[in-house]
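For reference, the chains in residue letters:
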Amino acid sequence: MAATLLSFLLPLAGAVVLAFSGGRLGPRASTAIGVGSVGLAALATGWALLAFSGDSQGFTLWTWVSVGEFQPTVGLAVDGLSLVMMSIITGVGFLIHLFAAWYMVGEAGVTRFYAWMNLFVFSMLVLVLADNLLLLFLGWEGVGLCSYGLIGYYYQNEANGRAAFKAFIVTRIGDVFLALGLFLIFVELGTLDIGLVLEQAPRVWAEGSVTANLAALLVLGGALGKSAQVPLHTWLPDAMAGPTPVSALIHAATMVTAGVYLIARLNGLFLQAPAVMLLVGIIGAVSLLLAAFAALAQTDIKRVLAYSTMSQIGYMFLALGVGAFDAAIFHLMIHAFFKALLFLSAGAVIISCHHEQDMGRLGGLWRKLPVAYGGFLVGGAALVALPWVTAGFFSKDEILWQAMASGHSGLFAAGLIGAVLTGLYTVRLILGIFHGEPGSDHARHPRPGTSPLTHHLPLATLAVLSTFIGAWLYPGLDELFPAPPGDATTAGYTLFQFLAIGAALSGLALAGWLFLARRRWLDDQVRRGLGAQLWALFNQAWGFDALFDRTLVRPWQGLVRVLRFDFINLGMNLPALLARIGNAGLVKTQNGQIRTYARMMVFGATIILVGLALTQGGGA
């Protein structure tokens, strides 16, 4: 218990100290507190792992609210799933914080940066440790708030503020659905305790019932917003406006996987809604393909990685949709390793090249930035699931195998096509940054005046975890999740391996042929005709932003303009307007001049006397 409490109280303490320092802390002190608190939290998580006996443990700290039967608590639940998530959040989070100590040197507002980062880690830990859905929702909203502050960290640039606002609004749409889902669950099941919800859902709701489907749909809506899946995905590429460590922590390793965790945690609820389960898989398949195509036509290295993240989370949703909850969490962990490595390596390139992110202005950097180059090679190999030597091979292929074994041939085919596309955009990204003609002559590495340890250690550690060694660390959560449907056969598994490995290698071979042997021909194709149209379509990510702008944003803005002249509202404002006019007139009579007051008294007395005379005369 003590280790679990320390794991999330230490980042909270760091956030409080930094937030209320009043500017009295310098950059070094702020960095030490920000990095140190998460480092100690990682050690506490390690202590919790060693002390874990294998049985789920829960403890209540206090009762939060007590209104009739509604008595949510501040309670923590520790099991295999929460420990895996804790390890990712604090372990990978510490490495990202440590890298930030190198990345953020010379930046303004370092104290504010680490305050938000620490608060984010605390909120994420609350989300995964909560034993009830109300406390989970508190952590859910906390990470959304922190992401807003971190995406808009460079708020002096209006575009960055708009990106933060967009992320906040789009994810709030999903959060509204989740909140409605929690209301429905409480009304129907009488509790928000996660354990009781999973026990009572099969008893109260028949499989496939309307209520079960509606509850699962509402929860899915929340998951789509946080995990940037179609159609609530448009915020993620713009969120790359924040510092690169923010992208690594929030938009690769933790927050965007919160939706995957939520569905896996409420697996019993979704199993009562098979149609919604299938919808989860379809959304994952569509998301992974749309994002992979979009990644092929991006020129900003962070936007390529953003669409790659969306695509890989699509694989996790595909696994959830076929009932392979364990495989989804396995890929979630491995993805945290190699995508954090890719983002931090991208950050090293960006800082070393004076914040240059456009691949058209990079190239030829492999000699100047060997550590970042190595990070891209290892992380890219894990991303494309290079057979047997990378962790991504074991986690992604487990998803594809479960999709094939469950009989969902369409989802399996989408996964194979996605594997080919992953090889294409990964090779294009690495070649565009590190090979070809140099586009930047100002690359310098390591950053002057900084410790190489804060740069090298996170990248080296994540590189090791992205190999097959990282796959060995996953404990397996078979005891928490029901077995996925489908029968495994030796012949079927052999065919699967042939197809899966063939897809990964085909993507690499095709990428080498297109981007090396046929580069000029490819460039000519995307400049005219159908190739140019497809490039524009993929570059604009299939036009979702334009579609939402025309169908949602502009009509809403037009409605707001109309309602500014709402006649009912004007009628309600009329008494106030008359009062202001009367007040303006009366104020002028209060001028402090005695002669004016005397005249007004005489005038008033005359009016009263004339009125009385007329009244008495009329009565006579």
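These numbers come from a predicted model, not from an experiment.

A. Highlighting the overall build of the chain. On a plain count of helices and strands, the chain comes out with 26 helices and 2 strands. Projected onto its principal axes, the C-alpha coordinates of the chain cover approximately 120 × 65 × 55 Å. Relative to its 620 residues, the chain shows a buried fraction of 52%. Counting only contacts in the chain whose residues sit at least 6 apart along the sequence, the fraction spanning at least 24 positions is 81%. Surface summary for the chain: the accessible area is close to 27,000 Å², and the carbon and sulfur share equals 67%.

B. Spotlight on unusual backbone geometry. Between Val230 and Pro231 the backbone carries a cis peptide bond, its omega angle lying at 5 degrees. Positionally, Pro231 belongs in the loop between helix H8 (210-226) and helix H9 (235-238). The backbone of Ala228 shows a phi angle near 55 degrees, a positive value even though the residue is not glycine. Assignment of secondary structure puts Ala228 in the loop between H8 and H9. With phi around 55 degrees, Ala541 is a residue other than glycine that occupies positive phi space. Looking at the secondary structure, you find Ala541 in the loop between helix H23 (529-539) and helix H24 (544-563). According to the relative accessible area criterion, Ala541 is buried, its value standing at 9%.

C. Spotlight on the packing of helix H3 (residues 80-103) against helix H10 (residues 244-253). Running from amino to carboxyl end, H3 crosses H10 at an angle of 165 degrees, the nearest separation of the two axes being 9 Å. In terms of axis orientation, H3 runs roughly antiparallel to H10. The handedness of the crossing between H3 and H10 is right-handed. On H10, the residues touching Ile88, Val92, Gly93, Ile96, His97, Phe99, Ala100 and Tyr103 of H3 are Thr244, Pro245, Ala248, Leu249 and Ala253.

D. Main features of the nonpolar core. Ile185, Phe270, Ile329, Val349 and Ile433 are the most contacted members of the largest nonpolar core, which totals 196 residues. Looking at this core, the element that brings in the most residues is helix H15 (residues 325-352), giving 21 residues. Apart from the residues within four sequence positions on either side, Val349 is in contact with Leu362, Leu365, Leu369, Ala372, Phe376, Ile433 and Phe434.

E. Fine view of helix H18 (residues 409-434). For H18, with 26 residues, the first-to-last C-alpha span of 38 Å sits near the 38 Å given by 1.5 Å per residue. Where burial is concerned, most of H18 is hidden: 19 out of the 26 residues are buried.

F. Here's a closer look at the pattern of salt bridges. Taken as a whole and judged by the stated rule, the model has 13 salt bridges. Here Glu158 makes a salt bridge to Arg162, at a shortest N to O gap of 3.2 Å. Here the residue Glu158 and the residue Arg162 both occupy positions in helix H6 (residues 158-189), the gap between them amounting to 4 residues, near one helical turn. Neither Glu158 nor Arg162 differs from the other in exposure class; each is exposed. Across the salt bridge formed by Arg527 and Asp524, the nearest N and O atoms sit 3.0 Å from each other. Overall, Asp524 belongs to the partly exposed group, its relative accessible area being 32%.

G. Highlighting the packing of aromatic side chains. Scanning the entire structure with this criterion turns up 24 aromatic pairs. Centroid distance Phe113 to Tyr114: 5.0 Å. Interplanar angle 80 degrees. Geometry classified as edge-to-face. For the pair Phe113 and Tyr114, a shared accessibility class is recorded, and that class is buried. Between Phe325 and Phe481, the ring centres sit 5.7 Å apart and the planes meet at 35 degrees, which makes this aromatic pair tilted. Here Phe481 lies in the loop between helix H20 (468-472) and helix H21 (490-517) and Phe325 lies in helix H15, a separation of 156 residues in the sequence. Here the two residues Phe325 and Phe481 agree in accessibility, since each one is buried.

H. Focus on the environment of Ala115. Examined against the element boundaries, Ala115 turns out to sit in helix H4 (residues 110-129). Counting along the chain gives 102 residues from Ala115 to Ala13, while the straight-line C-alpha distance between them is 9.7 Å. For Ala115, the contacting residues outside a window of four places in its chain are Ala15, Leu18 and Ala19.

I. Expanded view of the side chain of Thr422. With respect to the secondary-structure elements, Thr422 resides in helix H18. Judged by its relative accessible area of 0%, Thr422 falls in the buried class. Setting aside residues no more than four positions away along its own chain, Thr422 makes contact with Gln312, Leu383, Val384 and Lys396.

J. Broad picture of the environment of Gly507. Mapping Gly507 onto the fold places it in helix H21. Residues Gly507 and Leu18, 489 residues apart in the sequence, show an inter-C-alpha distance of 47 Å. Contact partners of Gly507, with chain neighbours within four places excluded, come to Val420, Gly423 and Leu424.

K. Summary view of the environment of Met359. Topologically, Met359 is positioned in the loop between H15 and helix H16 (370-383). Taking C-alpha positions, Met359 is 8.4 Å from Gly439, a pair spaced 80 residues apart along the chain. For Met359, the contacting residues outside a window of four places in its chain are Gln298, Thr299, Ile301, Val304, Arg428, Leu429, Gly432 and Ile433.

L. Molecular detail of a nonpolar patch on the surface. Taken together, the side chains of Tyr148, Phe165, Ile169, Ile173, Val176, Phe177, Leu180 and Phe183 define a hydrophobic patch exposed on the protein surface, amounting to about 760 Å² of accessible area. Element by element, the count of residues in the nonpolar patch is highest for H6, at 7 residues. Locating Ile173 in the fold gives a position in helix H6.

M. Broad picture of helix H5 (residues 133-151). Between its terminal C-alpha atoms H5 stretches 26 Å, which fits the 27 Å expected from 19 residues at 1.5 Å a residue. Where burial is concerned, most of H5 is hidden: 14 out of the 19 residues are buried. By the N-cap criterion, in which a side-chain oxygen at the helix start approaches the backbone nitrogen of a residue two or three places on, H5 is capped by Asn132, the distance to Leu134 being 3.1 Å.

N. Here's a closer look at the packing of helix H1 (residues 2-19) against H4. Packing of H1 against H4 leaves a shortest axis separation of 8 Å and a crossing angle of 155 degrees. Relative to H4, the element H1 lies roughly antiparallel. The hand of the H1/H4 crossing is left-handed. Residues Thr4, Ser7, Phe8, Pro11, Leu12, Gly14, Ala15, Leu18 and Ala19 of H1 touch H4, and the partners they reach there are Thr111, Tyr114, Ala115, Asn118, Leu119, Val121, Phe122, Leu125, Val126 and Leu129.

O. The arrangement of the side chain of Ser352 in detail. Note that Ser352 resides in helix H15. Among the residues examined, Ser352 registers a relative accessible area of 1% and is labelled buried.

Reading the values: the criteria
- Residues numbered from 1 in each chain as written.
- Predicted model: local features only at pLDDT ≥ 70, side-chain atom pairs only at ≥ 80, totals over all residues.
- Heavy atoms only, no water.
- Helix = DSSP H or I, 4+ residues; strand = E, 2+ residues; numbered from the N terminus.
- Buried < 20%, exposed > 50% of the residue type's maximum accessible area, 1.4 Å probe, protein only.
- Contact = heavy atoms within 4.5 Å.
- Areas by Shrake-Rupley, 256 points an atom, 1.4 Å probe, with all protein chains shown as cover.
- Axes fitted to C-alpha atoms, helices over the stretch in contact; angles between N-to-C directions.
- Parallel < 35°, antiparallel > 145°, perpendicular 65-115°, else oblique.
- Left-handed = near helix turned anticlockwise from the far one by under 90°.
- Core = buried A, V, L, I, M, F, W, Y, C linked by side-chain atoms within 4.5 Å.
- Expected span 1.5 Å × (residues − 1).
- Salt bridge = Lys/Arg side-chain N within 4 Å of Asp/Glu carboxyl O.
- Phe/Tyr/Trp six-rings, centres within 6.5 Å; stacked < 30°, edge-to-face > 60°.
- Patch = residues over 30% accessible without salt bridge, like charges linked within 9 Å, V, L, I, M, F, W, Y side chains within 5 Å.
- Polar contact = N/O pair within 3.5 Å; in protein donor to acceptor, adjacent residues only side chain to side chain.

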